[in-house]
Amino acid sequence: MEYQWNFAPIFAHSDALLVGALGTLRIFVVCLLLGLSLGLLVGLARYSTRRLLTWPAAAFVEFFRNTPVLVQIIWFFFALPILVPFEISPMTAAVLGISLNSAAFSAEIFRGGIQSIEPGQWEAGRAIGMSYAQIMRRIILPQAIRRMLPALTNRGIEIFKMSTLASVVAYVELLHQGRLIASLNFNPIETYTVIAVAFFLFLYPLVRATYVLERRLGRSD
Amino acid sequence: MNGNPDMRALLRVGGLEKRFGENAVLRGIDLEVTAGDRIAIIGASGSGKSTLLRCLNFMELPTAGRIELDGVAVGSERRRGDGSIERVYAEAELTRLRRRIGMVFQQFNLFPHMTAIGNVMEGLRTVLRRPAAEARARALVELTRVGLADKAEEYPARLSGGQKQRVAIARALALDPEILLFDEPTSSLDPELVGEVLAVIRSLAEEGRTMLLVTHELGFAYHFASRVLFLADGVIHEQGSPEEVLKHPREARTQAFLARHRAFSF
């Protein structure tokens, strides 16, 4: 017997899918910004020569790299509210889990990228009287980020896909909406196919765009 | 006594020592530099000549000794637990001081993500906080001085080694340094590109700038320098006019060093 594909019931719920897509985009953008900027700070601390900075940064990286994001999200949603006197929304719990995990991974990318810049660049900056912060901002990071772009792109893709984990605490995103539609219409095959394709259609153009960015940044080399 | 006796020393170095772990690279350097001096520092590799230069703008922190710029000692004294005295250097003070002492590196160290003029403008914009238009105009003056005004918008990757080094010189000049340090500026250049860089350095000498140059180009040192220092084992082994040191060295080690560099002609 051949399976009869029928997508009609899903498109009847396109408004629900749209709400899910917006939820996915929202958590992606927030986690991307938070994860990468926190990652940069932690990476700088890891690169520093001051033990007071490197040690906590290393502990942070190791802790969040070696615990599953899913466990973190569940912990932030179910355990943390018992310890603190305020409510944790599904969005907050998911953002915390995904951002902290991404920060840990991207911190290592930032540290590696910064370390890959020749010491002569630091010397040239110092020789014209630039401070550490000025050299980092004007000389080192612009070159390092260019080299890190492929790795940071991968991080971005990971963050986008990790957003589905937020469904576990009933945050409204694509997978959450898909599960809803599938259980209403008893059509998991079509629904989850649509969800998978939707993710691809989101991510692929994004990845293409970063290729273009990489090429444009590479012009001076 | 070196230099002009009526002029106060622009740079005075006393008892300068630098150790890397157990390795004593500089073992007591005394030096006075007067405005307008052109000092060539020569010596075998490992003699400490680059380290001496790098201590003068504090790219390396001296292990002992003191350095005065324009009569003001850099750093401050601190008594150690055992009662002995050491000098400590605040990074902010060194950062300010480095604006006044330009440095040109063997490997150029241009900023590859900036155009030639961007490299020259960087110190003016970021360190001296000059407005963009003013910084650009000034940078163009310096690029013109080194003969590269037409390369202003090129990225370093598209410049030859000699052109890169001339941009690096312009970058140092843009901050109006009182002293210029050259650390083997032609050592990583193809032979046919050495001349254009030396020509720029010679033109700076003619402007009366105060310069110290570490070099293996003994022929150039002879014509360029007002004074030549021969370093060996971390001390100034012999010094004097180019005529004295390069043509009539008194010390056996200087003679042996020069004998190994017979390939130069005056």
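These lines cover the structure that appears in this document, whether it is placed above or below. Just so it is clear, the model here is predicted, and its values are computed rather than measured.

1. Concerning the interface of chain A and chain B
Working step 1: Listed as interface residues are 19 residues of chain A and, on the opposing side, 24 residues of chain B.
Working step 2: Summed over both partners, the interface of chain A with chain B comes to about 1,900 Å²; 58% of that surface belongs to carbon and sulfur atoms.
Working step 3: Here chain A and chain B share 2 salt bridges between them.
Working step 4: A salt bridge links A:Arg138 to B:Glu122, with the shortest nitrogen-to-oxygen separation between them at 2.6 Å.
Working step 5: Among the elements of the structure, α6 (119-127) and α7 (132-162) of chain A are those that each provide at least two residues to the side of chain A that touches chain B.
Working step 6: Ranked by the residues each element gives to the side of chain A that touches chain B, the list is headed by α6(A), at 7 residues.

2. A word on helix α4 (residues 132-145) of chain B
All names here are of chain B.
Working step 1: Along its 14 residues, α4 runs 20 Å from first to last C-alpha, staying within 8% of the 20 Å computed at 1.5 Å per residue.
Working step 2: Along α4, the residues classified as buried are Ala135, Ala139, Glu142 and Leu143. Summarising the axial view, the buried residues of α4 lie within an arc of 100 degrees, below the 170-degree limit, and thus occupy one face.
Working step 3: One or two positions beyond α4, positive phi appears at glycine 147, with a value near 75 degrees.

3. Some thoughts on the pattern of salt bridges
Residues and elements named next belong to chain B.
Working step 1: In total, this model carries 29 salt bridges over all chains according to the counting rule given.
Working step 2: A salt bridge links glutamate 207 to arginine 209, with the shortest nitrogen-to-oxygen separation between them at 2.9 Å.
Working step 3: You can call glutamate 207 partly exposed: its relative accessible area is 39%.
Working step 4: A relative accessible area of 18% means that arginine 209 is categorised as buried.
Working step 5: Several salt bridges converge on common partners, so that one network encompasses Arg138, Glu142, Arg145, Asp176, Glu207 and Arg209.

4. Points about a positive patch on the surface
Working step 1: Together, A:Arg137, B:Arg96, B:Arg99 and B:Arg129 line one region of the surface with positive charge.
Working step 2: Secondary-structure assignment places B:Arg96 in helix α2 (residues 91-98).

5. A look at the sheet that holds strand β2 (residues 23-34) of chain B
All names here are of chain B.
Working step 1: A sheet is described by the order of its strands in space; here 4 strands give the open sequence β2-β1-β4-β5, paired in antiparallel fashion. Of all the strands in the sheet, just β2 and β5 (72-73) have a single pairing partner and so form its edges.
Working step 2: Both strand β4 (residues 64-69) and β5 contribute to a ladder of 2 bridges, which runs antiparallel. Bridging across to β5, leucine 69 finds its partner in valine 72.
Working step 3: Helix-sheet contacts for helix α1 (residues 49-56) involve β1 (9-20), β2 and β4, and the interaxial angle to β1 is about 120 degrees.

Cut-offs and rules
- Residues numbered from 1 in each chain as written.
- Chains lettered and ligands numbered in written order.
- Predicted model: local features only at pLDDT ≥ 70, side-chain atom pairs only at ≥ 80, totals over all residues.
- Heavy atoms only, no water.
- Contact = heavy atoms within 4.5 Å.
- Buried area = accessible area lost by both parts, 1.4 Å probe.
- Salt bridge = Lys/Arg side-chain N within 4 Å of Asp/Glu carboxyl O.
- Helix = DSSP H or I, 4+ residues; strand = E, 2+ residues; numbered from the N terminus.
- Expected span 1.5 Å × (residues − 1).
- Buried < 20%, exposed > 50% of the residue type's maximum accessible area, 1.4 Å probe, protein only.
- Arc of directions from axis to C-beta.
- Patch = residues over 30% accessible without salt bridge, like charges linked within 9 Å, V, L, I, M, F, W, Y side chains within 5 Å.
- Areas by Shrake-Rupley, 256 points an atom, 1.4 Å probe, with all protein chains shown as cover.
- Lys, Arg positive; Asp, Glu negative; His and termini not counted.
- Charge placed at Lys NZ, Arg CZ, Asp CG, Glu CD.
- Pairing = 2+ DSSP bridges.
- Axes fitted to C-alpha atoms, helices over the stretch in contact; angles between N-to-C directions.

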